[in-house]
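Next come the chains, spelled out residue by residue.
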Amino acid sequence: MKYLIFIVFTALVFSGLSTTQAAPFSVSPKVCVVSEQQEFCDLDLQFNWRLDEIVDACLYQQNEKIHCWQQQRSGQFNYKARVHVETIYSLINSQTGVLLAKTQVEVQSAHAKKNKRRLRSPWSFF
């Protein structure tokens with residue numbers, strides 16, 4: 001009985017380790033921080049993708065095609081982008097038009113908001 005429990009426990013642990021994989025589609029960096037002086041930032045984006053099957057795939061920024069791969073399971077692409085709003089990047093099968101994966105680059109502001117919320121009422125003594 002002890003051996004059976006040990007075998008089941010070991011199988012569960014190792015099966016959990018083997019199923020964890022890298023994301024099929026990623027971009028780095030994921031966040032763009034804009035300053036008060038500029039409303040945009042220039043980024044050197046690096047895209048990586050990996051699929052289980054061989055496909056013809058194209059990378060899109062919003063609705064604009066920026067790069068394609070032919071008969072590949074994985075790909076890597078470096079891209080210089082000027083980002084001022086949250087931007088979605090999509091990996092689409094160029095033969096079928098099916099969305100394979102998507103990711104986004106977020107835009108955050110470096111300056112603090114000028115209007116701070118009051119924590120107390122103006123009439124409070126405490």
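Residues numbered from 1 in each chain as written. Predicted model: local features only at pLDDT ≥ 70, side-chain atom pairs only at ≥ 80, totals over all residues. Heavy atoms only, no water.

Further remarks concern the state of the cysteines. Overall, the coordinates contain two disulfides when judged by the stated rule. At a sulfur-sulfur separation of 1.5 Å, the disulfide partner of Cys 32 is Cys 41. Of the two residues examined, Cys 32 and Cys 41, each falls in the buried class. A disulfide bridge connects Cys 58 with Cys 68, and the sulfur atoms are separated by 2.0 Å. One quick way to see it: the torsion about the S-S bond of Cys 58 and Cys 68 is about 105°, and its sign makes the bridge right-handed. In this pair, Cys 58 is assigned in strand E3 (residues 41-61) and Cys 68 in strand E4 (residues 64-83), connecting sequence segments ten residues apart. Residue classification places Cys 58 among the buried residues on the basis of a relative accessible area of 3%. With its bonded cysteines labelled in order along the sequence, the chain shows the pairing 1-2, 3-4. (Disulfide = S-S within 2.5 Å. Buried < 20%, exposed > 50% of the residue type's maximum accessible area, 1.4 Å probe, protein only. Helix = DSSP H or I, 4+ residues; strand = E, 2+ residues; numbered from the N terminus.)

This brings us to the packing of aromatic side chains. Counting across every chain of the model gives five aromatic pairs. Three or more aromatic residues link up through ring pairs in this structure, and these residues are Trp 49, Trp 69, Phe 77 and Tyr 79. (Phe/Tyr/Trp six-rings, centres within 6.5 Å; stacked < 30°, edge-to-face > 60°.)

Remember, this is a structural readout, not a statement about activity or role.
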